[in-house]
Amino acid sequence: MPSFKNSAECAGWPQDVGILALEVYFPSEYVDQTELEVFDGVSQGKYTIGLGQTKMGFCSDREDINSLCLTVLSRLMERTGVGYENIGRLEVGTETIIDKSKSVKSVLMQLFEDSGNTDIEGIDTTNACYGGTAALINAINWVESSSWDGRYAVVVAGDIAVYATGAARPTGGAGAVAMLVGPHAPLIMERGVRASHMCHVYDFYKPDLSSEYPTVDGKLSIQCYLSALDACYQTFSRKCNATKEASSSPMSLEQLNALLFHSPFCKLVQKSLARLSFNDFLNTPADQVAAKYPGLEAFREKKLEDTYFDKDVEKAFMGYSLPIFQAKTKPSLLIATEVGNMYTPSVYGGLASYISCNTASSLAGKRIALFSYGSGLASTMFSLKISDDDGPDSPLSQLVSSLSNLKARLDSRKKVSPAVFAETMKLRQETHHKAPYTPVGSVDTLFPGTWYLTKVDDMHRRQYERSPLTPTLPAMEVDGAASNYLIKESTSMSTETLPQQV
Ligand code: HMG
C-alpha cells in the first residue's frame with residue numbers, strides 16, 4: 001500500500017480533505033427526563049444520574065426520516081450558500097427505514113431540481129448508528145480518489161430513535177446532521193490512522209420491519225460497545241505510533257486534545273473515556289506505572305476482556321480520568337444529554353457540541369479523536385486535525401460562528417409533559433406505515449424552515465411541505481458566508497487535470 005506520507009505520491013491530490021461546514025437539526029419539542037422518571041415510576045435519578053440524560057427530543061407524526069434530512073440539508077445549503085449545482089456526491093446514513101427500496105437520498109434529490117443537477121453519486125448506507133460514519137468515509141474517499149470531479153460532497157446522517165416502553169425508552173432521541181465535505185477543510189480527516197472493528201453480534205437490531213422499535217439486549221450492547229472501543233483504540237494507537245509524525249511519546253490520551261464518542265446515553269461516554277485511560281494504563285511500561293498511576297498498580301493484572309462490568313476497575317478509572325473527561329469530552333455532550341441518542345448523527349452532534357463550546361483560536365491546530373459505534377456491529381475510531389488558520393474570515397471561524405447559537409437553539413425548544421410524549425409514541429406506533437394517512441400533529445410548534453409530512457397516499461407516496469422561514473432563522477443569518485464556500489479555482493479540478501491514482 002503506498003504511504004500517504006510520501007509527498008511525491010501526494011502531489012496534485014486534494015489537500016486537507018475533511019468537513020467544511022456542519023449543520024445540526026433536532027426536533028422543537030422535548031420531554032424532561034426528571035419528569036419522565038416520575039411518570040415511569042422508576043427511582044429518582046435513574047435516567048438523570050444513572051444514564052446521564054437531562055432531556056429527550058422526539059418527533060410527532062409530522063416528521064419522518066425524509067423530512068429530517070430535507071430540513072438539515074436545506075439549512076446547510078442556505079447557510080453556506082453553496083449552490084446545489086456544486087454538489088457531486090450526496091451520501092445518507094440512517095437506520096430509520098421507511099422504505100425497503102427507495103432511498104432517502106433519492107427523496108433529497110427534490111431539493112436539487114431547480115439547479116438541474118442530477119449528476120450526483122452516492123446513496124444510503126445502513127448499519128445501526130454507524131451509517132453516518134460509513135457515509136462520511138465514502139465522501140472523503142471520493143474527494144481523495146480519481147473519481148473526484150472537483151465538486152463538493154455532502155453527508156447527511158439522520159434518525160428517529162424510539163424504543164418500546166421499558167428500560168430503553170429514556171435512551172431515545174431524534175435529529176439529523178449535514179456535513180459539507182471537500183478540500184482545504186477546517187476539520188481535516190487524518191490519513192492512515194483510521195481504525196475499524198467489525199463483527200457479527202445480535203446486541204441491537206430491527207428484525208420487525210412493521211415496527212419502529214428495535215430488539216435490544218441492553219447489557220450485551222454495552223459489552224459490545226466497550227469491546228469495540230478497546231479494539232479500535234488499540235489499532236488506532238498502533239497506526240498513529242507507526243506514522244512518521246509520531247512524536248517520541250506513544251499514543252495515549254495525552255496526545256489528543258479531545259475525545260468524542262457515539263453517545264447512546266452520556267454515562268456510557270464517561271465510562272468509555274475511563275476505559276481508554278484503563279487501556280493507556282495497561283499499555284504503560286511497568287517501570288512507569290507507579291509514577292503515572294499512583295494507587296492503581298493493583299489493577300495491573302486485570303485484562304480488558306474480563307473487565308467490561310468490573311465495578312472496581314470502572315470506579316478507579318472513572319476517578320482517575322475525571323479531569324480528562326471534563327476537559328476533553330464533556331463539552332461534546334451538550335446535544336447528547338439534551339436531545340438523547342440521535343443514532344447515526346450522534347457522534348457528529350458531539351462534534352458540533354464541542355465546537356460550539358470553543359472559539360476558533362482555542363480550536364486551531366488541535367487534534368480530535370472520534371469513536372463511532374453501530375450495533376450489529378460496525379465501529380471506527382478516526383481523528384480530525386483542526387486547521388491552524390483561525391483568521392476572522394477563515395473556514396474555521398465560520399464553522400465556529402455557525403454553531404455558536406447551539407445552546408440558545410436547544411433552549412428555545414418547547415417542553416411537553418411525559419403524558420403527551422407517551423401519547424405521541426402511541427400515535428407513531430399505531431400509524432407507522434399506515435396508508436393512506438394524513439398526519440395530525442401540529443405544524444405550528446415546528447422550528448421555522450422545517451420540512452414536514454403532509455400526506456401519505458394510498459400508494460404509500462409521501463408528500464412534504466416546509467414551515468415558513470423567518471428572518472431570524474439562524475440558517476439565514478450568515479449572509480456573507482456564501483463566497484467562502486464557492487469552489488475556488490485552486491481547489492476545483494476539471495476532469496482533464498484530475499490526478500491519476502497511484
Ligand atoms: P436499565 O435497566 O435502566 O439498567 O437499562 P440499570 O438498571 O443497570 O441502570 C442503569 C444505570 O443507572 C446503572 O448504573 C444503575 O446503577 C443506575 P451503572 O451501574 O451501569 O453505572 N441507576 C441509578 N443511578 C442513580 N440513581 C438511581 C438509579 N437507578 C439506577 N435512582 C440500558 C439501561 C442502557 C441497558 C437500557 O436503557 C437500554 O437497553 N438502552 C438501549 C441500548 C443502549 O443504549 N445500549 C448502549 C450501547 S449500544 C449502542 O450504543 C448502539 C445504539 O446506539 C444503537 C445503534 O447502534 O443503532 C443503542
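Everything numeric in this text was worked out from a predicted model, so none of it was measured.

Draft legend 1. Fine view of the overall build of the protein chain. Along the backbone of the protein chain there are 17 helices and 17 strands. For a compact globule of 502 residues, the expected C-alpha radius of gyration is about 23 Å, and the protein chain comes in at 22 Å, within 12% of that figure. Along the first, second and third principal axes, the C-alpha set of the protein chain runs to 70 × 65 × 40 Å. Counting every position in the protein chain, which comprises 502 residues, the buried fraction comes to 57%. Expressed as a percentage of contacts within the protein chain between residues at least 6 apart in sequence, the contacts between residues at least 24 apart total 75%. Surface exposure of the protein chain reaches about 20500 Å², of which carbon and sulfur atoms provide 52%. Counting 46 positive and 57 negative side-chain charges, the protein chain places the centres of these two groups 4 Å from one another.

Draft legend 2. Expanded view of the packing of aromatic side chains. Under the counting rule described, the total for this entry stands at 17 aromatic pairs. Residues Tyr 225 and Tyr 373 carry aromatic rings whose centres are separated by 5.2 Å and whose planes lie at 55 degrees to one another, so their mutual orientation is tilted. In this pair, Tyr 225 sits in helix H7 (residues 218-242) while Tyr 373 sits in strand S13 (residues 367-374), placing the two residues 148 residues apart along the sequence. Across this residue pair, the class does not change: Tyr 225 and Tyr 373 are buried. Each residue in the set Phe 278, Phe 281, Tyr 293, Phe 299, Phe 317 and Tyr 320 is aromatic and connected to the rest through ring pairs, giving one cluster. The ring centre of Phe 309 lies 4.6 Å from the NZ or CZ of Lys 219, which sits over that ring.

Draft legend 3. Spatial organisation of the packing of helix H8 (residues 266-283) against helix H10 (residues 311-328). Between H8 and H10, the least distance of the axes is 8 Å, while the angle of their chain directions is 95 degrees. Taken as axis vectors, H8 and H10 run roughly perpendicular relative to one another. On the side of H8, the interface is formed by Lys 267, Gln 270, Lys 271, Leu 273, Ala 274, Ser 277, Phe 278 and Phe 281, while H10 contributes Lys 311, Val 313, Glu 314, Phe 317, Met 318, Tyr 320, Ser 321, Leu 322, Ile 324 and Phe 325. Taken together, the residues of the contact of H8 with H10 break down into 11 nonpolar, 3 polar and 4 charged.

Draft legend 4. Just the pairing of strand S17 (residues 462-466), in detail. Note that strand S16 (residues 451-456) and S17 share 5 bridges and pair antiparallel. Along S17, the bridge assignment pairs Val 456 with Arg 462. Taken together, S16 and the strand that follows it, S17, pair antiparallel across an intervening segment of 5 residues, in which His 460 is found at a positive phi of about 65 degrees.

Draft legend 5. How the structure looks around the pattern of salt bridges. Applying the stated criterion to the full structure yields 24 salt bridges. One salt bridge connects Arg 89 with Glu 121, and the closest N-O pair in it is separated by 2.8 Å. Of this pair, Arg 89 sits in strand S4 (residues 87-93) while Glu 121 sits in the loop between helix H5 (104-108) and strand S5 (124-125), placing them 32 residues apart in sequence. Look at Arg 89 and you get buried, because its relative accessible area is 14%. For Glu 121, a relative accessible area of 38% gives the class partly exposed. Across the pair Asp 149 and Arg 151 runs a salt bridge whose closest N-O atoms are separated by 2.9 Å.

Draft legend 6. Expanded view of the environment of Thr 133. Along the chain, Thr 133 turns up in helix H6 (residues 131-143). When near neighbours in sequence (up to four residues on either side) are disregarded, Thr 133 contacts Val 347, Tyr 348, Ser 372, Thr 380 and Phe 382. A distance of 2.7 Å separates polar atoms of two side chains, one belonging to Thr 133 and the other to Tyr 348.

Draft legend 7. Region of the structure containing the site of the ligand. In the vicinity of the ligand there are 29 residues, among which Glu 95, Cys 129, Ser 221, His 262 and Lys 271 approach most closely. The backbone of Cys 129 places a nitrogen or oxygen atom 3.1 Å from an oxygen atom of the ligand. Bound to the protein, the ligand loses 75% of the 1100 Å² it would expose on its own. Of the residues belonging to the shell around the ligand, the class tally is 14 nonpolar, 11 polar and 4 charged.

Draft legend 8. Spatial organisation of the sheet that holds strand S3 (residues 55-58). One open sheet holds the 3 strands; their spatial order is S3-S2-S15, and the pairing between them is mixed. Taken across any chain shown, the strands that pair with only one partner, and hence form the sheet edges, are S3 and strand S15 (414-416). Geometrically, the sheet is characterised by an average inter-axis angle of 40 degrees between neighbouring strands, direction not taken into account. Lying over the sheet, helix H2 (residues 33-40) contacts strand S2 (29-32), S3 and S15, oriented at roughly 60 degrees with respect to S2.

Draft legend 9. How the structure looks around the UniProt feature "domain: Hydroxymethylglutaryl-coenzyme A synthase N-terminal" (unreviewed entry) in the protein chain. As recorded in UniProt, the feature "domain: Hydroxymethylglutaryl-coenzyme A synthase N-terminal" (unreviewed entry) lies at residues 13-186. As annotated, residues 13-186 has a helix share of 27% and a strand share of 26%, and its two end C-alpha atoms lie 17 Å apart.

Draft legend 10. Helix H12 (residues 346-356), seen in detail. Among the 11 residues of H12, 11 are classified as buried, and the element is accordingly described as predominantly covered. Ser 346, Val 347, Tyr 348, Gly 349, Gly 350, Leu 351, Ala 352, Ser 353, Tyr 354, Ile 355 and Ser 356 are the residues of H12 that are buried.

Draft legend 11. Geometry of the nonpolar core. Ranked by internal contacts, the top residues of the largest apolar core, which has 126 residues, are Val 156 and Leu 351. In contact with Leu 351, not counting residues within four places along its chain, are Ile 19, Leu 22, Leu 187, Leu 260, Ile 368, Leu 370 and Leu 384.

Parameters and conventions
- Residues numbered from 1 in each chain as written.
- Predicted model: local features only at pLDDT ≥ 70, side-chain atom pairs only at ≥ 80, totals over all residues.
- Heavy atoms only, no water.
- Helix = DSSP H or I, 4+ residues; strand = E, 2+ residues; numbered from the N terminus.
- Rg over C-alpha atoms; globule rule 2.2 N^0.38 Å.
- Buried < 20%, exposed > 50% of the residue type's maximum accessible area, 1.4 Å probe, protein only.
- Contact = heavy atoms within 4.5 Å.
- Areas by Shrake-Rupley, 256 points an atom, 1.4 Å probe, with all protein chains shown as cover.
- Lys, Arg positive; Asp, Glu negative; His and termini not counted.
- Charge placed at Lys NZ, Arg CZ, Asp CG, Glu CD.
- Phe/Tyr/Trp six-rings, centres within 6.5 Å; stacked < 30°, edge-to-face > 60°.
- Lys NZ or Arg CZ within 6 Å of the ring centre and 35° of its normal.
- Axes fitted to C-alpha atoms, helices over the stretch in contact; angles between N-to-C directions.
- Parallel < 35°, antiparallel > 145°, perpendicular 65-115°, else oblique.
- Nonpolar A, V, L, I, M, F, W, Y, C, P; charged D, E, K, R; others polar.
- Pairing = 2+ DSSP bridges.
- Salt bridge = Lys/Arg side-chain N within 4 Å of Asp/Glu carboxyl O.
- Polar contact = N/O pair within 3.5 Å; in protein donor to acceptor, adjacent residues only side chain to side chain.
- Near = heavy atom within 4 Å.
- UniProt positions renumbered as here; feature names shortened; annotations may be inferred.
- Core = buried A, V, L, I, M, F, W, Y, C linked by side-chain atoms within 4.5 Å.

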